[in-house]
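Next come the chains, spelled out residue by residue.
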Amino acid sequence: MSRRTLIAGNWKMNGSAAAVDAFASAIAADAGSTDADLLVCVPFVYIERMARGLAGTGVALGAQNLADVGEPGAYTGEVNGAMLRESGCTHVIVGHSERRAMYGETDSVVAAKLEAAVAAGLVPVVCVGETLAEREADRAEAVLSAQVDALFEQCRPESLARMVLAYEPVWAIGTGRSASPEQAQAIHAFLRGRIAQQDATLANSMQLLYGGSVKPDNAAALFAGADVDGALVGGASLKADSFLDIARAAP
Ligand SMILES: O=C(CO)COP(=O)(O)O
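Residues numbered from 1 in each chain as written. Predicted model: local features only at pLDDT ≥ 70, side-chain atom pairs only at ≥ 80, totals over all residues.

Q: Sorry, what's going on with the overall build of the chain here?
A: From N to C terminus, the chain includes 12 helices and 8 strands. For 251 residues, the compact-globule estimate of 2.2 N^0.38 gives 18 Å, and the C-alpha radius of gyration of the chain, at 17 Å, lies within 12% of that figure. Here the C-alpha coordinates of the chain stretch approximately 45 × 45 × 35 Å along the principal axes. For the chain, the proportion of its 251 residues judged to be buried stands at 47%. Across the chain, every contact between residues at least 6 apart in sequence was considered, and the portion connecting residues at least 24 apart equals 72%. (Helix = DSSP H or I, 4+ residues; strand = E, 2+ residues; numbered from the N terminus. Rg over C-alpha atoms; globule rule 2.2 N^0.38 Å. Buried ≥ 20, exposed ≤ 12 C-beta atoms within 10 Å, placed from the backbone. Contact = placed C-beta atoms within 7 Å.)

Here's what the structure looks like:
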């Protein structure tokens, strides 16, 4: 089955109103130059501004986090999925390694956020990945299996059918040291196989993105992997030209 290619940007805690406007106008001028689907995930406060800038471009908009509860209420500082939808999001990143490491998001929190996203009509882009110490201890597959299995244990099949999975090795994030195309493809094949043990049809249809130091000059080689369906791009997504160069490297 052919899966569509998705190039997703994660701005993390970067950007400004001026940066949003510059990005959106450059994308609006040039979004037709790639066949890949494009998504940009910006800080909460810039979502509506980016939505206005990207209107009519076909580029999708996402957030980087959401509350693990859907019902509004006394959750100071939280933002729920319905608010994200109303602001123009179609997607939301869930379980990024920075949130797992710095904000204590456990596999159960990630599973709850996946469900909350789907309940609000959002596509969750769920991140998994091993640290350098785990890879060096030959534990990458065990760690990834535990992260994926937790989703299957805690989420409904119809919710899992909506998700995109992003493999982001922690040692490759923001380091300039991407996984090699062979390493990325090997893990993606492993992840697809692991999902197939639960649901072969879902394994075949699920988009698997690679993230970690994806740049215009390494993107084409990474995308050559048969199980690599796109990228989750951090630093290189902050500027429209490098983001679009990555998208144009997609097959
Ligand atoms: O964490 C990432 C995207 O979510 C990857 O970040 P970099 O592309 O900056 O390495």
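Q: I keep staring at the environment of Ala249 and nothing clicks. Help me out?
A: One can find Ala249 in the segment after α12 (240–248). Accessibility expressed as a C-beta count within 10 Å gives 23 for Ala249, which makes it buried. Each C-alpha atom of the pair Ala249 and Phe223 lies 7.8 Å from the other, and the pair is 26 residues apart in sequence. Excluding residues that lie within four positions of it along the chain, Ala249 makes contacts with Pro216, Ala219, Ala220 and Phe223.

Q: Would you mind showing me how to read the nonpolar core here?
A: Soluble globular proteins tend to pack their nonpolar side chains together in the buried interior. Ile7, Ala8, Leu114, Val126, Leu165, Ala231 and Ile246 are the most contacted members of the largest nonpolar core, which has 81 residues in total. Ranked by residue count, the leading element in this core is helix α5 (residues 107–119), at 6 residues. Among all residues touching Leu114, those that are not within four sequence positions of it are Val94, Pro124, Val126, Leu151, Cys155, Ser159 and Met163. (Core = buried A, V, L, I, M, F, W, Y, C linked by C-beta atoms within 7 Å.)

Q: Mind showing me how you'd approach the confidence of the model for the chain here?
A: Residues shown with low pLDDT carry predicted positions that ought not to be read at fine detail. Per-residue confidence for the chain gives a mean pLDDT of 97; residues scoring 70 or more make up 100%. Within the chain, the lowest mean pLDDT, 96, falls on helix α1 (residues 17–30), and the highest, 99, falls on strand β4 (residues 91–94). Among the scores for the predicted complex, ipTM is 0.99 and pTM is 0.98. (pLDDT = per-residue confidence, 0-100.)

Q: Honestly, the pairing of strand β5 (residues 123–128) in this entry has me stumped. Any pointers?
A: Taken residue by residue, a regular strand's side chains alternate between the two faces of the sheet. Among the 6 residues that make up β5, 6 are buried, leaving the element largely enclosed by the rest of the structure. Judged by which residues are buried, β5 turns out to be covered on both faces: Val123, Val125 and Cys127 on one side and Pro124, Val126 and Val128 on the other are all buried. Alignment of β4 against β5, held across 4 bridges, turns out to be parallel. Considered in β5, the bridge of His91 is made with Val123. Bridging between β5 and strand β6 (residues 164–167) involves 4 bridges; their strand directions are parallel. Note on β6: the bridge partner recorded for Val126 is Leu165. (Pairing = 2+ DSSP bridges.)

Q: How should I be thinking about the site of the ligand in this particular structure?
A: Lining the immediate environment of the ligand, one finds 14 residues, of which Asn10, Ile173, Gly211, Gly234 and Gly235 sit closest. Taken together, the residues that form the shell around the ligand break down as 5 nonpolar, 8 polar and 1 charged. (Near = placed C-beta within 6 Å. Nonpolar A, V, L, I, M, F, W, Y, C, P; charged D, E, K, R; others polar.)

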